[in-house]
Amino acid sequence: MKTFAIRSSDQNPAVMELINEIEDGFVVRIVRQKEDWEDISEEFMTRELFETCLRTGYIYEKSA
């Protein structure tokens, strides 16, 4: 499972994990760290949107 950071103005960027790859996109889990809690959501992302976000630097792969 690959993990990506989502560019934001917060000090701690949100994290997006690829959960499952399907024919036309990905199921992703997005985790946003708040002061004393986490906001977690699972959503579908089209392959085209994913590639656009990666190409523009809105998301970037986190190194291990």
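Structure: above.
Residues numbered from 1 in each chain as written. Predicted model: local features only at pLDDT ≥ 70, side-chain atom pairs only at ≥ 80, totals over all residues. Heavy atoms only, no water.

1. Points about the environment of Leu49
Here's step 1: Structurally, Leu49 is set in helix H1 (residues 47-56).
Here's step 2: You can call Leu49 partly exposed: its relative accessible area is 44%.
Here's step 3: C-alpha separation for the pair Leu49 and Phe26, spaced 23 residues apart in sequence, amounts to 10.0 Å. (Helix = DSSP H or I, 4+ residues; strand = E, 2+ residues; numbered from the N terminus. Buried < 20%, exposed > 50% of the residue type's maximum accessible area, 1.4 Å probe, protein only.)

2. Structural notes on the pattern of salt bridges
Here's step 1: Throughout the structure, instances matching the rule amount to 3 salt bridges.
Here's step 2: Across the pair Arg29 and Glu17 runs a salt bridge whose closest N-O atoms are separated by 3.2 Å. A residue pair is termed long-range when its members are at least 10 positions apart, and Arg29 in strand S3 (residues 25-33) and Glu17 in strand S2 (residues 14-22) qualify at 12 residues.
Here's step 3: A residue is classified by how much of its surface remains accessible, and Arg29, at 26% relative accessible area, is partly exposed.
Here's step 4: Across the pair Glu42 and Arg29 runs a salt bridge whose closest N-O atoms are separated by 2.8 Å. Residue Glu42 is found in strand S4 (residues 38-46), and its partner Arg29 is found in strand S3; the two are separated by 13 residues along the sequence.
Here's step 5: Each of Glu17, Arg29 and Glu42 takes part in a single network of salt bridges with overlapping partners. (Salt bridge = Lys/Arg side-chain N within 4 Å of Asp/Glu carboxyl O.)

3. Re the sheet that holds S4
Here's step 1: Sheet architecture is open: 5 strands sit in the order S4-S3-S2-S1-S5, paired in antiparallel fashion. On the outer flanks of this sheet lie S4 and strand S5 (59-61), each paired with one strand and no other. Across the sheet, the axes of successive neighbouring strands diverge by a mean angle of 30°, strand direction being ignored.
Here's step 2: The pairing of S3 with S4 spans 9 bridges and is classified as antiparallel. Bridge assignment links Ile30 to a residue of S4, and that residue is Ser41.
Here's step 3: Strands in contact with H1 are strand S1 (3-6), S2, S3, S4 and S5; relative to S4, the strand with the most contacts, it is inclined by about 115°. (Pairing = 2+ DSSP bridges. Axes fitted to C-alpha atoms, helices over the stretch in contact; angles between N-to-C directions. Contact = heavy atoms within 4.5 Å.)

4. A look at the nonpolar core
General note: in soluble globular proteins, nonpolar side chains tend to be found buried as a group.
Here's step 1: Membership of the largest hydrophobic core is limited to 12 residues, which are Phe4, Ile6, Ala14, Met16, Leu18, Phe26, Val28, Ile30, Met45, Phe50, Cys53 and Ile59.
Here's step 2: Only S1, S2, S3 and H1 provide two or more residues apiece to this core.
Here's step 3: Contacts of Ile59, omitting those with residues within four sequence positions, involve Phe4, Ala5, Ile6, Met16, Phe50, Cys53 and Leu54. (Core = buried A, V, L, I, M, F, W, Y, C linked by side-chain atoms within 4.5 Å.)

Everything listed here is a matter of geometry and, on its own, says nothing about what the molecule does.
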